Amino acid sequence: RKEVEQDPGPFNVPEGATVAFNCTYSNSASQSFFWYRQDCRKEPKLLMSVYSSGNEDGRFTAQLNRASQYISLLIRDSKLSDSATYLCVVKSTGGFKTIFGAGTRLFVKA
Amino acid sequence: GAGVSQSPSNKVTEKGKDVELRCDPISGHTALYWYRQSLGQGLEFLIYFQGNSAPDKSGLPSDRFSAERTGGSVSTLTIQRTQQEDSAVYLCASSLDPGFQETQYFGPGTRLLVL
């Protein structure tokens, strides 16, 4: 089993739609969680950190469920520019190893 | 300010040759990571540096892979006797502090093709 698993998609949604991605992780000692965005043939960039209480940044909302060991990303009012691959990222306490999921591809169409 | 830079941007080599990939992190960033991304795959952690030390090199796939960092800045990833399965994009990232909520800043990557 992979340490971090994501639905690869692709998710094809119209502009203005709400879309949600989930990610599961296997190491219960994981302590830090992030969503990164990667555009085609570009480097990943941090989208947002995921806090235990959940957090929101504009149209983006991230949630963490420690009991079930998954994190989620909700995108509201999708824009064409949201088309990208979304990477779920996990780090363990006291460790430096950063585990990236394989990513979920999103296509937003007009 | 300047971001993370990597060189070369592209490298084509023959099987069995050695290659060196370079990463220049953001000035002042103490943490440096190397990752590998194969076509259509996620990022695979290779090694982590804190300063010039590598407390976690658990991701290096074989003893053909090695990395060093000097002056707490530039890092070099060396692949000896390259194999075709080494073909991938090699990404470097740096961060100011590898703490609980660190942000890793990535370079554009080196695309390695082993023929």
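(A) Local environment of the environment of T104 of chain A. Residue and element names in this part refer to chain A. Inspection of the secondary structure assignment puts T104 in strand β11 (residues 104-109). Spatially, the C-alpha atom of T104 lies 6.6 Å from that of P10, the residues being 94 residues apart in sequence. Excluding its chain neighbours within four sequence positions, the residues that come into contact with T104 are Q6, D7, P8, F11, F21, A84, T85 and Y86. Here Q6 takes part through its side chain, which lies 3.3 Å from a polar atom of the side chain of T104.

(B) Molecular detail of the packing of aromatic side chains. Taken as a whole and assessed by the stated rule, the structure comprises 12 aromatic pairs over all chains. Seen in terms of ring centroids, F21 of chain A and Y86 of chain A are 5.4 Å apart; in terms of plane orientation they differ by 35°. Their pairing is tilted. On the criterion of sequence distance, the pair formed by F21 of chain A in strand β3 (residues 19-25) and Y86 of chain A in strand β9 (residues 84-92) is long-range, its members being 65 residues apart. By relative accessible area, Y86 of chain A is classed as buried at 0%. The interplanar angle of 15° and the centroid separation of 6.0 Å between the aromatic rings of Y33 of chain B and Y35 of chain B together place this pair among those described as stacked. You'll find Y33 of chain B and Y35 of chain B in the same group, each marked buried.

(C) Quick look at the interface of chain B and chain A. Opposite the 22 residues of chain B that make contact, chain A presents 20 residues. Of the roughly 1,800 Å² buried at the junction of chain B and chain A (both faces included), carbon and sulfur atoms supply 53%. Counting the contacts that link chain B with chain A gives one salt bridge. The partner of K91 of chain A in a salt bridge is E102 of chain B, and the shortest N-O contact between them spans 2.6 Å. Taken together, the connections running from chain B to chain A amount to seven residue pairs in polar contact (both at pLDDT 80 or more).

(D) Seen up close, the pairing of strand β8 (residues 75-79) of chain B. Of all five residues in β8 of chain B, five are buried; the element is thus mostly enclosed. Where burial is concerned, the two faces of β8 of chain B agree: the one with S75, L77 and I79 of chain B and the one with T76 and T78 of chain B are both buried.

(E) Representation of the pattern of salt bridges within the structure. Residue and element names in this part refer to chain A. Per the stated rule, a full pass over the model turns up nine salt bridges over all chains. Here R37 makes a salt bridge to D39, at a shortest N to O gap of 2.9 Å. In this structure, E56 and R76 form a salt bridge, with 3.5 Å as the shortest nitrogen-oxygen distance. Linking E56 in strand β6 (residues 55-57) with R76 in the loop between β8 (70-75) and β9, this pair joins segments that are 20 residues apart in sequence. By relative accessible area, which is 58% here, E56 ends up exposed.

(F) Quick look at the sheet that holds β6 of chain A. Residues and elements named next belong to chain A. Taken in spatial order, the five strands line up as β1-β3-β8-β7-β6 in an open sheet, and their pairing is antiparallel. Edge positions in the sheet fall to β1 (4-6) and β6, since each has one partner strand and no second. Between one strand axis and the next, the sheet turns by 20° as a mean value, whatever way the strands run. Where β1 meets β3, three bridges bridge the pair, whose relative direction is antiparallel. Counted as the bridge partner of E5 is T24 from β3.

(G) Looking closely at the side chain of S95 of chain B. Residues and elements named next belong to chain B. Along the chain, S95 turns up in strand β9 (residues 88-95). Of the residues examined, S95 reaches a relative accessible area of 1% and is grouped as buried. Ignoring any residue separated from it by four or fewer positions in sequence, one finds S95 in contact with H29, T30, A31, Y33, E102, T103 and Q104.

(H) A look at the layout of surface pockets. Of the volumes computed, that of the largest pocket is approximately 770 Å³. The wall of the largest pocket is formed by 29 residues, among which R41 of chain A together with Q37, S38, L39 and G40 of chain B lie closest to the centre. When residues of the lining of the largest pocket are traced back to their parent elements, those giving at least two are β9 and β11 of chain A together with β9 and β11 (110-114) of chain B. Class assignment for the residues of the lining of the largest pocket results in 14 nonpolar, nine polar and six charged. Here the second largest pocket is characterised by a volume of approximately 340 Å³. Lining the second largest pocket are 19 residues, and of these I99 and F100 of chain A together with G42, L43 and E44 of chain B lie nearest its centre. Elements that contribute at least two residues to the lining of the second largest pocket include exactly β10 (98-100) of chain A together with β4 (31-37) and β5 (43-50) of chain B. Classifying every residue of the lining of the second largest pocket by side-chain character gives six nonpolar, eight polar and five charged.

Calculation notes
- Residues numbered from 1 in each chain as written.
- Chains lettered and ligands numbered in written order.
- Predicted model: local features only at pLDDT ≥ 70, side-chain atom pairs only at ≥ 80, totals over all residues.
- Heavy atoms only, no water.
- Helix = DSSP H or I, 4+ residues; strand = E, 2+ residues; numbered from the N terminus.
- Contact = heavy atoms within 4.5 Å.
- Polar contact = N/O pair within 3.5 Å; in protein donor to acceptor, adjacent residues only side chain to side chain.
- Phe/Tyr/Trp six-rings, centres within 6.5 Å; stacked < 30°, edge-to-face > 60°.
- Buried < 20%, exposed > 50% of the residue type's maximum accessible area, 1.4 Å probe, protein only.
- Buried area = accessible area lost by both parts, 1.4 Å probe.
- Salt bridge = Lys/Arg side-chain N within 4 Å of Asp/Glu carboxyl O.
- Pairing = 2+ DSSP bridges.
- Axes fitted to C-alpha atoms, helices over the stretch in contact; angles between N-to-C directions.
- 1 Å grid on protein atoms, 1.4 Å probe; cavity = no way out; pocket = protein on both sides within 12 Å on 5 of 7 lines; lining within 4 Å.
- Points joined across faces, edges and corners; volume = space filled by probe spheres on them.
- Nonpolar A, V, L, I, M, F, W, Y, C, P; charged D, E, K, R; others polar.

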